[in-house]
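# Structural overview for review
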Amino acid sequence: MSRRLLLISLQCVAFVSFLANGTGVYAQDFINEDLTLKLELGTEKMIYRVMQPIEITVYLRNMGEETLEVVEPAIDKRSFFFEITQPDGKKNKLLAIYGLNLQKIKLPPKKRLKFTASFTPEMSGSYEIEARYYGYQDKTIVSSLFKVFVVNPPPVK
């Protein structure tokens, strides 16, 4: 009983510290001098259970006033890259991206490209997700660290 109570209290403390960190459902940031592209990450919810697949939605948004020519996001370090940091500090690269093509496409002003990737967490804790896009004029666009919290399922009685 006391072990279960300790586990529940640790999960509550971790959850409260996670909420205090101030991450929202969508993280957005960019490293780009002319501020024309923005990379946004999001999930359906912020708390998942162990072994429950997490689908990440990614938007590459043209913030400028001109049409841009970009490489369509693909499983290739030359254009797109995901890094997931597990609660134990190990980092993994995510390669499950759908809608792949290495050709250049036109991205009109104020429009966005949307694609998804997914992974299945194997341990509870806070997962940090970061995306990098390399497909625009030899510039790197980096998302903010996006956090997803994973909890153990309730015990079966």
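## Some thoughts on the environment of glutamine 103
Secondary-structure assignment places glutamine 103 in the loop between strand E7 (91-94) and strand E8 (104-107). Using a relative accessible area of 44% as the deciding quantity, one classes glutamine 103 as partly exposed. Each C-alpha atom of the pair glutamine 103 and valine 71 lies 5.8 Å from the other, and the pair is 32 residues apart in sequence. If sequence neighbours within four positions are ignored, glutamine 103 has contacts with Val70, Val71 and Glu72.

## Considering the pairing of strand E12 (residues 146-151)
Most of E12 is tucked away: 6 of the 6 residues are buried. Of the two faces of E12, the one carrying Phe146, Val148 and Val150 and the one carrying Lys147, Phe149 and Val151 are both buried. The pairing of strand E3 (residues 47-49) with E12 spans 3 bridges and is classified as parallel. What sits directly across from tyrosine 48, in E12, is valine 150. Of the pairings in the sheet, the one linking strand E10 (residues 125-136) to E12 comprises 5 bridges and is antiparallel in character. In the sheet register, tyrosine 127 faces E12, and the bridge partner there is valine 148.

Calculation notes
- Residues numbered from 1 in each chain as written.
- Predicted model: local features only at pLDDT ≥ 70, side-chain atom pairs only at ≥ 80, totals over all residues.
- Heavy atoms only, no water.
- Helix = DSSP H or I, 4+ residues; strand = E, 2+ residues; numbered from the N terminus.
- Buried < 20%, exposed > 50% of the residue type's maximum accessible area, 1.4 Å probe, protein only.
- Contact = heavy atoms within 4.5 Å.
- Pairing = 2+ DSSP bridges.

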